[in-house]
Each structure stands twice: as structure tokens, then as C-alpha cells.
Amino acid sequence: MTGGVPLPPLGSSGHRKRTVIIIAVLLSLGVAAALGVFVSGAIYSIVRTADELDETRATDAASSALEAMRSQMSGTVRDNAFWDEAYRQLNSPIRDAWLIESWGVPTLDHPLYDMALVIGPDDKPLLYYRYGKSMDVQPSAFFDSSLARLVERARAADGIQGDVQAAFIGTLHGPAVIGAARIRPFLQGFPELDPYILIFEKDLDAKALSETARKFNLRGLQLTDSAIEGTVAAPLKDVDGNALGFLSLPSEKPGTRSYERVRPLIFGSAAILLLLIVGIGMIGLLSVRSLAKEEARARRNSLHDHLTGVLNRSGLSEYVENLTPPDGCRSAQIGLYLVDIDGFKAINDLWGQQVGDMLLGAVAARLTKDLPLATTISRLDGDAFAIVSLVDDPEKGAHLQSAVSEVFAEPFKIGRHEIEIGVSVGVAETVFAGANFHDLLRQAELALHQAKHGSDGTTVVFSPDLEAELSEHAKLEQQLLEALDRRELKVAFQPVVDARTGDICGVEALARWNSESGPIAPDVFIPVAERSGLIGLLGSQILEEAIAQGSRWPGLQIAVNVSPLQLRNRYFAGGLQATLDKFAFEPHRLTIELTEGVLISNADQAKRSISEIKALGIKVALDDFGSGFASIGSLRQFCFDRVKLDKSLVANIEHDAQAAEVLDATIKLVNALGVPVTVEGIENRHQAEFAREAGSHELQGYWFSKPLSKEELTQRFLGRPLDGVLAT
């Protein structure tokens, strides 16, 4: 064949190449298909894992929120039910009024409960208040049937560590969180009473859900009757474990959203399939990490105080539970320091809550910065901090005590304010091996209680003697309660004389207690009454007896001392009016004597209370002027009807010329303000004549008479002048 060389036919070699090409293509397609399947499977797994993690996080967060509600209610009920005063009041003649004042009225705006219910041994409600008003509907009609079982379990709980029953419950207004506990004393040694059950209830309304959503960062939180598709939900369980409803959150499905964003790229470009897989993997990894960080952040928030950043009470408890001794040393010493800022309320009142919050943050920061590394800081509540230390050397524990004091030695600079604060510290220490945190906390609280009743800056270390002393205080409180119930406290009257004529012009009513074991001084039992909440009852009995007797002494002025705690009672002025009406006693013959502590603790409240008293026609006197920090400005501001100078001003005037000048100047200064002056503590003729010549209007003291019973006073002095010859 001319024109070229013919090509040979394609033989086995060409066939093999075609087969190889086809196989290569098929293999490529197979690899691509397998890669696509693998990538799709991987993407699906990432999407599913991310969605499941998000749902798990949301479910755990919702469950944590429910547990926090239940735990908070449990703590609130425990704080109120395990209360000596509440236990005493169960048999008190003023029980109903006390229950309403202590638990009923606060339901109007209390942040932790909307309803307060006290059930007696006969299952009848003694107190039944909701939103500050008494309830008409029966509890069995308002709550579902699980209320009875909750009460039964609370009543069956025994001992000071008895469980507080807290659960969710159905009400006429929807689900609510409820807590119940048997009212019992915190300390031992009280007579056994029939079981009374205290119940608090908090509505799960829109406000409560909004606050929970904010606190736990749960967007879209809602309360539903059942689990809704497209949401994650945690059940609200009643006392029997039955679901009343669900706390639901929208399922955000971050994995699905991520996949939908990258899907067009996956199907649109096979050439960058591997890059897309890597990118998707990275997105999935970032999603998982983001969810893990969010979960860790939510957990951290639940265990840390949002204001100061240190551990909260729950965080501290969990920290101590997981605490291990250094290098396995079982003889290590664990110490718990409870630090309470003295006068913190006054700081808030003076400069505002914002400054107070900033001060708390500064305290936490300085404690964290300045204390040794082997310590952990926690803010328990309000202005109370806790410090936990674990050391292998007792000397380090002693060093920590001084270190805590040094933290507060320097003032805190808050904005333009430089604030000096003192603290009361209660310390409990023990060997780490076998230590019980709750016992340690109780001991530290007892020590702090003792420290707060000392001077500012006091540190008290717990000892068995301290517990015995507090037990004695509790015994004295019980004796005082019984004495008040039997009206054993009596009134003694010390004459007050006119400085010019020597005639008796009035008497001061003084509380006296002659117990079975002998007389108990007022400076012993009055602080006990103030700490135990009995001062109102004591004061009302003394006031009533003084006015009753005064009604038998026409024209004689009656002066009665009033505790600052009594003045804080919003019903105090009304009680005064009722007592005056009962005995037909002229208001202008009654003088209420106040100490400067009333003015310092809360000036605005004191001014309102004094105005209410004066509006009744009753006179108000400032007692013990010159013994503290009351100023001339205070006399002007509060418009006192009389000022009584403290006996310390007159004690040394015979031997100290400067003391005599101070007394003379003080009397003249008060007179210059137009306020009458009474000088107390007159013990001899020289003091009486000096005070009279300096301008004092009235005199009082042992030179004229010691405090007397009403019979002695009537027999010895009424109707006759009281001059120096009558001194006892």
C-alpha cells in the first residue's frame, strides 16, 4: 500500500491499557464515591455530635436551673425553720402577730418566696399568706395532692439535721417550687413541742423564669406542659417524682446550621472536596470546643459569685468535698475563717449600693491577692466571706490569722471615697483527717457570732468553752422568755427632782429581774433580749407597768427607756397610743428616752419614729449625752424635748477642774439650744449644787434616792421635797 505504513490492529496490549484506564476511572470514581460517603458520614457524625452536645448542655443547664430553684428554696426554708426565736414563739401569746410580721408580711415583695404557710399539729394553718395578704382558699384546694405527702415527710424528719423537703408542686396558678420543714431550734436544750411545719412557695411565673434565664444564660426559656418537638426539656418533679411540666429551651442545633452553610460548596466543587472536609472538620471541632467552653462557663457561673468572682457557697462546699491534703499528709490542719464586714449596711446607706458592691469586689480582690496561696476565698452571702486554708504546720495557721487582719489594715479606695472598714472573724480549725465541713462551718459561725458581739475588729477562735458559753446564753434566753410569759420582770422607779425647788417632778422606770437563782442585772438580760428578739415583749411589759403605775401618781412625769430595736418596729407608735388609751394616761406626762445608738444606726428611720412619737404628744429625750459621739447637730436635727447628761460628766468634778468646766460648758451649750437638761449620777451635795448653778433643770442620782419599788416610792417621797438629806 502506497502513501504510508499501515497501523497494526490494537492487540492485547491496547486492551490492557483500556482496561487499566477504565479500572483507574472506576477506581477513581469508587474512591471519590467512597470519599464522598466517608465525608458525608463524617459530616453527619459531626452534625449529630454537635447537636447532641448542645442538647445535653441545654438539658443540663435547665436541670441545674431547676435544682438551683429547689436548693434555694430548701436553704430559705432551712434558714427560717431552724430558728430559736421561731421555735419559742410557737407557744408565745403573740405567736400569731409574730408569724404574720416575720413570714406573712414579707410575702408581699420577698424575692425568694411568694407564700408562707405554717401548719399546726392538727393540720390546720396558723399562717396562710400570699403576696402580703391572708388566703381564703384552703391549702388543699390551692395545691395539688402532693402537699399532704410533703407535709407528712417534713413532720417525720427528726433531729437538728433533719431534711428540708423541697420539690415542685401544682397550684391554682400553675407550677411552683415549694419547701417544707419542721420548725425547730438551732441550739439544743429547748422543751419539745408538737410538730409545726413551715412552708414557703415561689410561683414559677414569667418574672421567675426571666430571672432564671438571665442567671443561667438560657435564651428562650419557657415553661411547658409537655416536651415540645424542636426543644430540649427538663422535667419539674413533684415530691413523688412525677413530672408536673417541663422547663424547655429551643434546640439551636449548631451542627445542623454549620452543615447547611457549607453544603453548597460540598456539592458544587468536587475538586476541593478534601479542603471542604478539613474545613467542616475544623468547624465541627470549633463547634464542639465552643459548646464545651460554654458548658464550662455555665458551670463556673453556678459555682462562683457573680459580683466578686470568688467561689459562692455551693462552690465552696464542692471545693472542700474534693479537697486533698498536701502530699497526702493526713495530719494537715484545715481552717475555716468566716469574715463579716462591720457596719456594711451603714456604708450602703451612706454612699449607695453601687459603692457597697464595689467595696465587696475590692475586698475579694485583696483577699485573693494578699493571702497565701494555700487558701481559697468564697463569698457566702451579703458582706460575709469565707476563707479555707489547708496547711501542714500550725504556725502557718497562726500566720494566716494575722494576714487576714492585715488585709483590712489599709483603707479601700472606691472611686472618690476612701473607706476604712473593720471585720469580725470567726475561726474554726481541726485536723484534716476525719474533718466534717458542716461541723466546721457551724463552729466558725458560733465563733463569728461571738466576735460580732465584741468590739469591731474582733477575731474569735472556736473552742468547746465557747459552745458552752453560747449554751448558757441560750439557757438564759429561755429563762427570760419564761419570765416574760409569767410577767416576772418588775419596774423600779428612780426619782427625778426639780433642781430649783428640790421637789420630785418625775421618775425614771427601770426594768428589774429577780430570778429564781437571784437578781440578774439589766446590762446582762437586756442584751440577751435584744439578741433573741424578746426586747419588744420586754419593753412593752415595762412600758405598760410604768404607765399603769404612773396613772396613780397624778401630775408626775414618767420616763421609760426604749431600745433601738424597739424603735425599728413600725407598730411601736401605735402600741404606745394603745397603752396610753388603756390607762387614760396623759401623753405629755410620758417621756421616751433614747440613746445615741438610735441616731447612728439609721438616722432617717430614727427621725421618722421620733416624729411619730412626738405627734402623739409624748416627749422624747436623748439619754446618756456625753458618753459617745452624739453631736450638737444631732440635738438640732432631732428636736429632743430634753437631754440627759451621762453620769460620767459629773463623776470627777470635785477633784478635776477640767471635768467641772466640761460639765458647766455642756449644760450651757444645751441650754443655748433651748433644750432642758437633766444631770444623772448625782451622788453628793457638791455635785447637786454645781449642776444646779450651771443651769441644769432636773437632777437624778443616788444622792436623792436609789431606784425604788412603787410602794417604797409612794410611802417615802411623794408629796415631799427631795433634797440632800434624803440620800440613801
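Everything here concerns the structure above.
If you're wondering where the values come from, they're calculated on a predicted model, not measured in any experiment.

(A) Molecular detail of the overall build of the protein chain. When helices and strands are counted, the protein chain shows 24 helices and 25 strands. The buried share among the 728 residues of the protein chain stands at 45%. In the protein chain, once contacts between residues fewer than 6 apart in sequence are set aside, the share between residues at least 24 apart is 66%. A total of about 37,100 Å² of accessible surface is found on the protein chain, and carbon and sulfur atoms cover 54% of it.

(B) The sheet that holds strand 3 (residues 133–134), seen in detail. Reading across the sheet, the six strands line up as 3-2-1-6-5-4 and stay open at both edges, with antiparallel pairing between neighbours. The open sheet has two free edges, formed respectively by strand 3 and strand 4 (165–171), since each of these has just one partner strand. In this structure, strand 1 (residues 115–119) lies alongside strand 2 (residues 125–130), joined through five bridges in antiparallel fashion. Bridging across to strand 2, V118 finds its partner in L127. Against the sheet, helix 3 (residues 95–104) touches strand 1, strand 2 and strand 6 (197–203), its axis set at about 30° to strand 2.

(C) Geometry of unusual backbone geometry. Unusually for a residue other than glycine, D123 sits at a positive phi of about 65°. Locating D123 in the fold gives a position in the loop between strand 1 and strand 2. Phi at Y131 is positive, roughly 55°, even though this residue is not glycine. With respect to the secondary-structure elements, Y131 resides in the loop between strand 2 and strand 3. Using a relative accessible area of 32% as the deciding quantity, one classes Y131 as partly exposed.

(D) Examining the packing of helix 22 (residues 657–672) against helix 23 (residues 685–694) more closely. Remark: helix 22 packs on helix 23, axes separated minimally by 9 Å, with the N-to-C direction vectors making an angle of 40°. Judged by the inter-axis angle, helix 22 sits oblique to helix 23. For the pair helix 22 and helix 23, the crossing hand works out as right-handed. Here A660, L663, D664, I667, K668 and N671 of helix 22 lie close against helix 23, whose contacting residues are F690, A691 and A694.

(E) Seen up close, the pattern of salt bridges. A complete count under the given rule lists 23 salt bridges for this structure. A salt bridge links R379 to D305; its shortest N-O distance comes to 3.2 Å. Of the two residues, R379 is situated in strand 11 (residues 375–381) and D305 in the loop between helix 8 (273–303) and helix 9 (313–321); the sequence distance between them amounts to 74 residues. D305 matches R379 in its accessibility class, with the two residues each being buried. Its salt-bridge partner being D641, residue K614 comes within 2.9 Å of it at the nearest N-O pair. Of this pair, K614 sits in helix 20 (residues 603–615) while D641 sits in the loop between helix 21 (632–638) and strand 23 (642–645), and the two are 27 residues apart along the sequence. Exposure remark for D641: the relative accessible area of 29% places this residue in the partly exposed category.

(F) Representation of helix 9. Restricting attention to buried positions, one finds in helix 9 the residues G315, L316 and V320. Within helix 9, the buried residues cover an arc of 130° as seen down the axis, which keeps them to one side. The N-capping residue of helix 9, defined by a side-chain oxygen 3.2 Å from the backbone nitrogen of S314, is N312.

(G) Just the sheet that holds strand 8 (residues 231–237), in detail. Pairing is antiparallel in the open sheet, where three strands are placed in the order 7-9-8. Either end of the sheet is taken by a strand with one partner, and the two such strands are strand 7 (222–224) and strand 8. Each strand of the sheet is rotated relative to its neighbour by a mean of 35°, with strand direction disregarded.

(H) Structural context of the packing of helix 10 (residues 344–351) against helix 11 (residues 353–370). Running from amino to carboxyl end, helix 10 crosses helix 11 at an angle of 135°, the nearest separation of the two axes being 6 Å. With respect to helix 11, the element helix 10 is oriented oblique. Two secondary-structure elements touch here, helix 10 through F344, I347, N348 and W351 and helix 11 through Q353, V355, G356, L359 and L360.

(I) Region of interest: helix 6 (residues 206–216). Looking at helix 6, one finds that the buried residues are A208, L209, T212, A213 and F216. Here the buried residues of helix 6 occupy an arc of 135° about the axis, which is enough to place them on one side. Relative to its buried face, helix 6 has exposed residues pointing more than 90 degrees away, namely A206, K207 and R214. Of the residues trailing helix 6, N217 is marked for its positive phi of about 55°.

(J) Seen up close, the nonpolar core. L480, L590, I592, L645, V679, I682 and L699 are the most contacted members of the largest nonpolar core, which totals 73 residues. Of the residues forming this core, the biggest block, seven residues, is contributed by helix 16 (residues 535–550). In this structure, L480 is in contact with L489, W513, F525, V528, A529, L534 and L538, ignoring residues within four places of it in sequence. In this structure, Y129, I183, L198 and F216 belong to the second largest nonpolar core, which totals 42 residues.

(K) Spotlight on a nonpolar patch on the surface. A cluster of nonpolar side chains, contributed by V278, M282 and L285, occupies part of the molecular surface with about 260 Å² of accessible area. Turning to its location among the elements, M282 is positioned in helix 8. Taking relative accessible area as the criterion, M282 reaches 45% and is therefore assigned partly exposed.

(L) Here's a closer look at the side chain of E85. The topology assignment puts E85 in helix 2 (residues 84–89). A polar atom in the side chain of E85 sits 2.5 Å from the side chain of Q89. Every residue in contact with E85, bar those within four places of it in the chain, is listed here: W98, S532, G533 and L534.

(M) View of the side chain of Q687. Turning to its location among the elements, Q687 is positioned in helix 23. Among the polar contacts made by the side chain of Q687, one reaches the main-chain carbonyl oxygen of V650 at a distance of 3.2 Å. Engagement of the side chain of Q687 in a polar contact is seen with the side chain of E654, the distance being 3.4 Å. Setting aside residues up to four positions removed in sequence, Q687 forms contacts with V650, A651, I653, E654, G681 and I682.

(N) The pairing of strand 17 (residues 490–498), seen in detail. Of all nine residues in strand 17, eight are buried, a share of seventy percent or more. Where strand 17 and strand 18 (residues 504–515) come together, eight bridges link them in antiparallel fashion. Bridged to Q494 within strand 18 is E508. The antiparallel pairing of strand 17 with strand 18 creates a hairpin that spans five residues between the two strands, and G502 there sits at a positive phi of about 80°. Alignment of strand 17 against strand 25 (residues 698–699), held across two bridges, turns out to be antiparallel. Within the sheet, the bridge partner assigned to V497 lies in strand 25 and is L699.

Basis of the calculations
Residues numbered from 1 in each chain as written. Predicted model: local features only at pLDDT ≥ 70, side-chain atom pairs only at ≥ 80, totals over all residues. Heavy atoms only, no water. Helix = DSSP H or I, 4+ residues; strand = E, 2+ residues; numbered from the N terminus. Buried < 20%, exposed > 50% of the residue type's maximum accessible area, 1.4 Å probe, protein only. Contact = heavy atoms within 4.5 Å. Areas by Shrake-Rupley, 256 points an atom, 1.4 Å probe, with all protein chains shown as cover. Pairing = 2+ DSSP bridges. Axes fitted to C-alpha atoms, helices over the stretch in contact; angles between N-to-C directions. Parallel < 35°, antiparallel > 145°, perpendicular 65-115°, else oblique. Left-handed = near helix turned anticlockwise from the far one by under 90°. Salt bridge = Lys/Arg side-chain N within 4 Å of Asp/Glu carboxyl O. Arc of directions from axis to C-beta. Polar contact = N/O pair within 3.5 Å; in protein donor to acceptor, adjacent residues only side chain to side chain. Core = buried A, V, L, I, M, F, W, Y, C linked by side-chain atoms within 4.5 Å. Patch = residues over 30% accessible without salt bridge, like charges linked within 9 Å, V, L, I, M, F, W, Y side chains within 5 Å.

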